[in-house]
Amino acid sequence: MPAPTPPELVACHDCDLLSPLPHLSEGERARCPRCGSVLFERKGHSLDYSIALALTSLILFVLANVNTLMRMNIGGRVQSGAIISGISELYAQGFWMLAALVLVVTILAPLVKILAILYVLAPIRFHLRAPGAIRVFRLFETLHPWAMTEVYMLGILVAMVKLKDLASLEAGVALYSFAALILVMAATDSSLDDHEIWERLGHLRDKTA
Ligand SMILES: [Zn+2]
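Here the residue index of a chain counts from 1 through its sequence in written order. Local features in this predicted model are restricted to residues of pLDDT 70 or higher, and side-chain atom pairs are both shown and tallied only at a pLDDT of 80 or more, whereas totals for entire chains, interfaces and linings draw on every residue. In computing side-chain values, all of the structure's heavy atoms are included and hydrogens and water are not.

Q: Help me understand the pairing of strand β5 (residues 70–74) in this model?
A: By this definition, two strands are paired if DSSP reports at least two bridges between them. Where helices and strands are cited, they refer to DSSP runs of H or I of at least four residues and of E of at least two residues respectively, numbered from the N terminus. Bridge count between β5 and strand β6 (residues 77–81): five bridges; the pairing is antiparallel. The residue bridging N73 from the neighbouring strand is V78, located in β6. Between β5 and β6, which pair antiparallel one after the other, the connecting turn spans two residues, and G75 there sits at a positive phi close to 50°. Pairing analysis gives four bridges linking β5 to strand β7 (residues 168–171), with the strands arranged antiparallel.

Q: Quick question: what am I supposed to make of empty space enclosed by the protein here?
A: To find leftover empty space, a probe the size of one water molecule is rolled over the atoms. The definitions used throughout rest on a 1 Å grid laid over the protein atoms alone, on which a cavity is an enclosed set of points accommodating a 1.4 Å probe that cannot get out and a pocket is an open set flanked by protein within 12 Å on both sides along at least five of seven lines; lining residues are those having an atom within 4 Å of a point. Grid points are joined across faces, edges and corners, and a volume is the space filled by probe spheres set on the points. A full pass over the atoms with the stated rule returns two cavities of 30 Å³ or more. Here the largest cavity defines a volume of roughly 70 Å³. Taken together, A54, S57, K113, I114, I117, F140, M185, T188 and D189 make up the full set of residues lining the largest cavity. Mapped by element, the contributors of at least two residues to the lining of the largest cavity are α1 (47–66), α3 (96–125) and α6 (173–191).

Q: How should I be thinking about the coordination of the zinc ion in this particular structure?
A: Donor atoms (N, O, S) are those found within 2.8 Å of the metal centre, with the cutoff raised to 3.2 Å for Na, K and Ca; water is not part of the atom list, so apparent gaps in a site can occur. On the protein side, the zinc ion has C12 (SG), C15 (SG), C32 (SG) and C35 (SG) as donor atoms, found 2.3 Å from it. Geometry is assigned from donor-metal-donor angles: four donors are tetrahedral when every angle falls between 85 and 135 degrees, four are square planar and six octahedral when opposite donors sit over 155 degrees apart with all other angles between 65 and 115, and any other arrangement is irregular. With four donor atoms in place around the zinc ion and angles of 103 to 116° between them, the coordination shape is tetrahedral. Counting residues between consecutive donors of the zinc ion along the chain gives the motif C-x2-C-x16-C-x2-C. Of this pair, C12 sits in the loop between β1 (9–11) and β2 (18–20) while C35 sits in the loop between β3 (29–31) and β4 (38–41), and the two are 23 residues apart along the sequence. The partly exposed category is assigned to C35, whose relative accessible area is 38%. Burial classes follow relative accessibility: with a 1.4 Å probe on protein chains only, a residue under 20% of its type's maximum area counts as buried, one over 50% as exposed, and anything between as partly exposed.

Q: Can you walk me through the confidence of the model for the chain in this structure?
A: Reading fine detail from the predicted coordinates is not recommended where pLDDT is low. Per-residue confidence from the predictor is given as pLDDT, running between 0 and 100. Averaged over the chain, the pLDDT score is 86; the fraction of residues at 70 or greater is 94%. Per-element confidence in the chain ranges from a low mean pLDDT of 77 for helix α7 (residues 194–208) to a high of 93 for α1.

Q: Help me out: how do you make sense of the pairing of β4 in this one?
A: Successive side chains on a regular strand alternate, one facing one side of the sheet and the next facing the other. Where β3 and β4 come together, three bridges link them in antiparallel fashion. Note that in β4 the partner of R29 across the bridge is E41. Hairpin geometry of β3 and β4 is characterised by an intervening segment of six residues between the two adjacent antiparallel strands and by a positive phi of about 80° at G36.

Q: Which parts of the structure should I look at to understand the layout of surface pockets?
A: Here the largest pocket is characterised by a volume of approximately 630 Å³. Together, 23 residues line the largest pocket, and L69, M72, A82, G86 and Y152 are the ones closest to its centre. For the lining of the largest pocket, the elements supplying multiple residues, two or more each, are β5, β6, α2 (83–92), α3 and α5 (149–163). Grouping the constituent residues of the lining of the largest pocket by class yields 15 nonpolar, seven polar and one charged. Here the second largest pocket defines a volume of roughly 150 Å³. Amino acid classes used here: Ala, Val, Leu, Ile, Met, Phe, Trp, Tyr, Cys and Pro are nonpolar; Asp, Glu, Lys and Arg are charged; the rest, including Gly, are polar.

Okay, structure coming up:
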């Protein structure tokens, strides 16, 4: 008779107690027997839900980047621009480091994050594992703090409030798309069950090995 495999252990984030990982169904959560904090939870949403949210993010991302962010009228001089024109303006003014930072946190990091999650999740949906999916999913988790779209949005709102006496401002389609993108990306993050994805990636590897 083969020896039973030892249960997978999970450490409590608050008190470091090691407990065996229970088998949970969707929507259930396990609590630490010592301090009661949540050890692990199985989110109730399906993979389809996360994929749909990620696809919505991608559409909003495109809308936010191809449309006008805002139109400014300062004493008869009308200026309008997209997100990328703001970045190239910063670069032209000599703030190249700031331009690079804005490019990373508002365009590159969100785009790579959305594409990475679709790359990992869509094949899982069909019981497949995309080449390099484990590395891509790790990249997705690393990029998490870099996609700071909400900070950029806050910057735009502060600038709008400051400029409102000097110029007449008109918000463009991109501004609304960008605001919606922030919400949908947050919803994607919260619907995603990292543990489940890792587990599925592991099983799929075992099957193909
Ligand atoms: Zn604990």
